[in-house]
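Okay, here's what each chain looks like letter by letter:
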Amino acid sequence: MIGYLLKVSGLSASYGDEDIVRDVSFEMLPGEIVCIVGESGSGKSTLIRAIHGMSGVMITGGSISFDGADISALPAKERRKLMGSDIGLIPQDPGASFNPIRKLDVQFREALAGHDMAYDEDRIDAVLRKIGLQHGKAVLKNRPFELSGGMNQRIAIAAAMLFEPRLLLCDEATSALDVTTAGAVVEELLKIRETNGTSILLVTHHLGIARKMADNIGIMKDGRLIEYGNTDRIFDSPENEYTKKLIRDVPRLKK
């Protein structure tokens, strides 16, 4: 029997005085894609940051288990060992991944060294080609500020893929992109799942993207997961009135 790769149980999290995430529970199987959908301020990005163990986010209740082990109480040093190699992150703003004025090859070299991995330019080039950057070696000689937002986002995806994580966390990875580029990024994420069996947890405000990508969808409001289920069920037979409103307000996109 296959166990859950990620299990979030009664999770609450805050940045200080007040919980932003409140009593959230869901589970993910290996190779599954889950999209958490909510409006700005719903707590969905805080959920991603709590799972990733980002500094400043405090877990105030519940637990996070990865591959059967509770990681929510791990010391920061032990938690960091999981990040990149087992759990990858694609941030909303690729600028959060890179120093804008340092060449990308230098930054890739440092990131790999931090995980005791060798810098292999041919392997990096192959990963960049997989996500549509056909001149990867030349691209790596650039600084992020010299490239478009869409290209930087693809490079951020490549950086996460290099470590071949089992779980990929995506924090509004398409929200700052134009429609065409966002569509291309969605296709690349689906290819990552198909090729590597990677589980993907993506938070978004865009129900159309969720319907195209997700096996299961969770709806967040005021820090709580108010509805969760199979994607077709959520769209065809939503139970919560807020979910019904969200679906009424957007075009119905086919998978």
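A brief report on the enclosed structure follows.

1. A word on the environment of Arg102
So, point 1. Structurally, the position occupied by Arg102 is in the loop between β6 (87-90) and α3 (104-113).
So, point 2. Sequence separation between Arg102 and Asn196 is 94 residues, and the spatial gap between their C-alpha atoms is 30 Å.
So, point 3. Among residues more than four places away in sequence, those in contact with Arg102 are Gln107, Glu110, Asn142, Arg143 and Pro144.

2. So, the sheet that holds β6
So, point 1. One open sheet holds the 6 strands; their spatial order is β6-β7-β8-β3-β9-β10, and the pairing between them is mixed. Every interior strand has two partners, whereas the edge strands, β6 and β10 (224-230), have only one. In this sheet, adjacent strand axes meet at a mean angle of 15 degrees when their direction is disregarded.
So, point 2. The pairing of strand β7 (residues 167-171) with strand β8 (residues 199-204) spans 5 bridges and is classified as parallel.

3. Structural notes on the pattern of salt bridges
So, point 1. A full pass over the atoms with the stated rule returns 18 salt bridges.
So, point 2. Where Arg166 meets Asp67, a salt bridge forms, and the shortest distance between an N and an O atom there is 3.1 Å. On the criterion of sequence distance, the pair formed by Arg166 in the loop between α6 (149-162) and β7 and Asp67 in the loop between β4 (58-66) and β5 (69-70) is long-range, its members being 99 residues apart.
So, point 3. Among the residues examined, Arg166 registers a relative accessible area of 35% and is labelled partly exposed.
So, point 4. Owing to a relative accessible area of 44%, Asp67 belongs among the partly exposed residues under this scheme.
So, point 5. Here Asp215 and Arg193 are joined by a salt bridge, their closest N and O atoms 3.0 Å apart. In this pair, Asp215 sits in the loop between α8 (207-213) and β9 (216-221) while Arg193 sits in helix α7 (residues 179-196), placing the two residues 22 residues apart along the sequence.

4. Some thoughts on the environment of Ile48
So, point 1. You can see Ile48 is positioned in helix α1 (residues 44-52).
So, point 2. In this structure, the C-alpha to C-alpha distance between Ile48 and Leu202, residues 154 residues apart in sequence, is 8.4 Å.
So, point 3. In this view, Ile48 contacts Leu89, Leu169, Cys170, Asp171, Leu201 and Val203; residues no more than four positions away in its chain are not counted.

5. Describing the pairing of β4
So, point 1. Across 7 bridges, the pairing between strand β1 (residues 6-14) and β4 is antiparallel. Residue Ser12 lies in a different strand from β4, and its bridge partner there is Gly61.
So, point 2. Across 2 bridges, β4 lies against β5 in antiparallel orientation. Pairing of Ser65 across the sheet is with Asp70, part of β5.
So, point 3. Linking two consecutive strands that pair antiparallel, namely β4 and β5, is a turn of 2 residues; a positive phi of about 55 degrees is found at Asp67 within it.

6. Considerations on the sheet that holds β1
So, point 1. One open sheet holds the 4 strands; their spatial order is β2-β1-β4-β5, and the pairing between them is antiparallel. The open sheet has two edge strands, β2 (19-28) and β5, and neither has a second partner.

7. A closer look at α3
So, point 1. Every buried residue of α3 is listed here: Leu104, Asp105, Gln107, Phe108 and Leu112. The arc enclosing the buried residues of α3, seen along the axis, measures out at 160 degrees, which places them on a common side.
So, point 2. Along its buried surface, α3 packs onto α4 (121-130), α5 (136-139) and α6.

8. Description of empty space enclosed by the protein
So, point 1. Summed over all chains, the structure comprises 1 cavity of 30 Å³ or more.
So, point 2. Along its surface, the largest cavity is lined by Ala160, Met161, Glu164, Pro165, Leu168, Ile192, Asn196 and Thr198.
So, point 3. Counting only elements with at least two residues in the lining of the largest cavity, the list comes to α6 and α7.
So, point 4. Within the lining of the largest cavity, the residues separate by chemical class into 5 nonpolar, 2 polar and 1 charged.

9. A look at the packing of aromatic side chains
So, point 1. Tallied over the entire structure, the rule returns 2 aromatic pairs.
So, point 2. A centroid spacing of 6.4 Å and a plane angle of 10 degrees characterise the contact between Phe98 and Phe108, whose relative ring orientation is stacked. Of this pair, Phe98 sits in the loop between β6 and α3 while Phe108 sits in helix α3, and the two are 10 residues apart along the sequence.
So, point 3. A relative accessible area of 8% means that Phe98 is categorised as buried.
So, point 4. For Phe108, a relative accessible area of 4% gives the class buried.
So, point 5. The ring of Tyr119 has Arg109 lying over it, and the distance from NZ or CZ to the ring centre is 4.0 Å.
So, point 6. For Lys221, the ring lying beneath its charged end belongs to Tyr242, and the centroid distance is 5.4 Å.

The rules behind the values
Residues numbered from 1 in each chain as written. Predicted model: local features only at pLDDT ≥ 70, side-chain atom pairs only at ≥ 80, totals over all residues. Heavy atoms only, no water. Helix = DSSP H or I, 4+ residues; strand = E, 2+ residues; numbered from the N terminus. Contact = heavy atoms within 4.5 Å. Pairing = 2+ DSSP bridges. Axes fitted to C-alpha atoms, helices over the stretch in contact; angles between N-to-C directions. Salt bridge = Lys/Arg side-chain N within 4 Å of Asp/Glu carboxyl O. Buried < 20%, exposed > 50% of the residue type's maximum accessible area, 1.4 Å probe, protein only. Arc of directions from axis to C-beta. 1 Å grid on protein atoms, 1.4 Å probe; cavity = no way out; pocket = protein on both sides within 12 Å on 5 of 7 lines; lining within 4 Å. Points joined across faces, edges and corners; volume = space filled by probe spheres on them. Nonpolar A, V, L, I, M, F, W, Y, C, P; charged D, E, K, R; others polar. Phe/Tyr/Trp six-rings, centres within 6.5 Å; stacked < 30°, edge-to-face > 60°. Lys NZ or Arg CZ within 6 Å of the ring centre and 35° of its normal.

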